[in-house]
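# What the coordinates show
Chain by chain, the residues:
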Amino acid sequence: MKFKDLKEFIDSIGDMVIVVGKDRRIIAVNEAMLRKCGLKEADVVGKECHRISRCLKIPCPSGVACPLREVLTSGRVKRMVHTHYTRDGRKMVVEITASPLKENGETVGIIEIIRDVTAAYSLQENLKASLERFKKTVKIKELFTDILTHDLINVANIVLLQCETILDREKCEDTREDLKRLKRNVERLVVMIENAARYARLQSIDSLDFRRMDLHEVLKNVVSTLEESARERNITIDLRVHEPVLAMVNPNIESVFYNLISNAIKFSPRGERVVVDILDEGEEYLILVKDRGPGIPDEEKERIFERFKRVEKGAVKGTGLGLAIVKRIVELHGGRVWVEDNPGGGSIFYVRIPKEQR
Ligand code: ADP
């Protein structure tokens, strides 16, 4: 191939190209390489390639671990990646493909295509570093969940037991009152730790096991567990389902209903009614929990499902994690939970879940 044809051909390539003869002298360099290196053709053509790195603004890839000898002897294509540091200290990663240059079947030199892959490489490096940081964070999260689930909960339960033992012995009414307050706070602490551990566990999984369960039966159990606290506040729970309602769900679904109904009781004024119902909507069930409490302002309707977002409700106490757990469990069922205003005052919480899991 004539030099002119060869030059024209390599100039049409966007990557840097250098053609080196058997005698290590440079036969041709394309425009991309001249531009990147800030050179003129006359500076390089005919010069020995290992000398070229001296006048290049970037170190000459062919000067480092030169593939010339290997390609000439093997007659095969050689690919490699090199990291260089430019004279101004910048890191530059190049991908080199060196192929034999043949004339009448004889290898007369090599042709190197040099691609600057610094940007892609640093993106890859950043991704690797982020992945490592992410793995570390997951490990720390697992460690904290473990500490929460086992160590902290154990200590909190021991303190609770000690409170009860001292309370049984204590005769002084003032001290008893103090102890009861202490016990209530430790009970809250236990619930908070349990919820935090549960939330962390639910966040770390992306599927649940499902089995066929009767939602009517599940709701009946929840209602009977909450009956006493409802009675204390003179609240009636009106469960409007009387027939079996079969769905593929995880037993965790019970805590979804528990949370919604206990909130409805907690936020309802004394003497009110909490309505619980299930509507059959074809492929899904719509479960609703209706209360006559203070309602939830529009700007809070989504935020209350995020962790630790409590709307100020005066004396009503809670951990602010219940609805975040509800949302996660419902999501893991492929469903949706949301709240709307009750036209008669208060709120209606809706849970939509598929009857079958696909
Ligand atoms: P908490 O343990 O604080 O009750 P939740 O996650 O269950 O945590 O609820 C988050 C917040 O949503 C509550 O603090 C309350 O402000 C609001 N909320 C939940 N249920 C009701 C309801 N039925 N009526 C009015 N506000 C509610």
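Up top you'll find the structure we're talking about.
Small disclaimer: the values here were computed from a predicted structure and weren't measured.

### Looking at the overall build of the chain
Regarding its fold elements, the chain presents 10 helices and 12 strands. Along the first, second and third principal axes, the C-alpha atoms of the chain reach 100 × 55 × 35 Å. Buried residues in the chain amount to 40% of all 358 residues. Of all intrachain contacts in the chain linking residues separated by at least 6 positions in sequence, the fraction that spans at least 24 positions is 59%.

### Thoughts on unusual backbone geometry
Glycine aside, residues mostly have negative phi, and peptide bonds are mostly found in the trans state. Phi is positive for Arg24, close to 70°, though the residue is something other than glycine. Here Arg24 is to be found in the loop between strand E1 (16–21) and strand E2 (26–29). Of the residues examined, Arg24 reaches a relative accessible area of 27% and is grouped as partly exposed. Although it is not a glycine, Asn234 adopts a positive phi angle of roughly 55°.

### Comments concerning a nonpolar patch on the surface
On the surface, a cluster of nonpolar side chains totalling about 280 Å² of accessible area is made up of Leu131, Phe134 and Val138. By relative accessible area, which is 54% here, Phe134 ends up exposed.

### Remarks on the environment of Ala28
Along the chain, Ala28 turns up in strand E2. A C-alpha to C-alpha distance of 7.9 Å links Ala28 and Leu6, two positions 22 residues apart in sequence.

### So, the sheet that holds strand E7 (residues 236–239)
With mixed pairing, five strands are arranged side by side in an open sheet as E7-E9-E10-E12-E11. The outermost strands of the open sheet, each flanked by one partner alone, are E7 and strand E11 (336–341). Direction aside, neighbouring strands of the sheet carry axes that sit 15° apart on average. Of the strands in this sheet, E7, strand E9 (273–281), strand E10 (284–290) and strand E12 (347–354) touch helix H8 (residues 215–232), which is tilted by about 170° from E7.

### Regarding the nonpolar core
Core analysis: the largest hydrophobic core is formed by 47 residues, its most contacted members being Leu215, Val256, Phe257 and Ile261. Beyond its immediate stretch of four places on either side in the chain, Val256 contacts Val326, Ile329, Val330 and Val351.

### Overview of the sheet that holds strand E5 (residues 106–116)
Read from one edge of the open sheet, five strands run E2-E1-E5-E4-E3, paired in antiparallel fashion. One side of each edge strand has no neighbouring strand; the edge strands of this open sheet are E2 and strand E3 (78–85). Here the strands of the sheet are splayed against their neighbours by 25° on average, with no regard to which way each runs. Sheet topology note: the E1/E5 ladder contains six bridges and is antiparallel. Within E5, the residue paired with Val20 across the bridge is Ile110. Of the strands in this sheet, strand E4 (91–103) and E5 are in contact with helix H6 (residues 118–169), which crosses E4 at around 130°.

About the criteria used
- Residues numbered from 1 in each chain as written.
- Predicted model: local features only at pLDDT ≥ 70, side-chain atom pairs only at ≥ 80, totals over all residues.
- Heavy atoms only, no water.
- Helix = DSSP H or I, 4+ residues; strand = E, 2+ residues; numbered from the N terminus.
- Buried < 20%, exposed > 50% of the residue type's maximum accessible area, 1.4 Å probe, protein only.
- Contact = heavy atoms within 4.5 Å.
- Patch = residues over 30% accessible without salt bridge, like charges linked within 9 Å, V, L, I, M, F, W, Y side chains within 5 Å.
- Areas by Shrake-Rupley, 256 points an atom, 1.4 Å probe, with all protein chains shown as cover.
- Salt bridge = Lys/Arg side-chain N within 4 Å of Asp/Glu carboxyl O.
- Pairing = 2+ DSSP bridges.
- Axes fitted to C-alpha atoms, helices over the stretch in contact; angles between N-to-C directions.
- Core = buried A, V, L, I, M, F, W, Y, C linked by side-chain atoms within 4.5 Å.

Function cannot be read off these values alone, since they describe shape.
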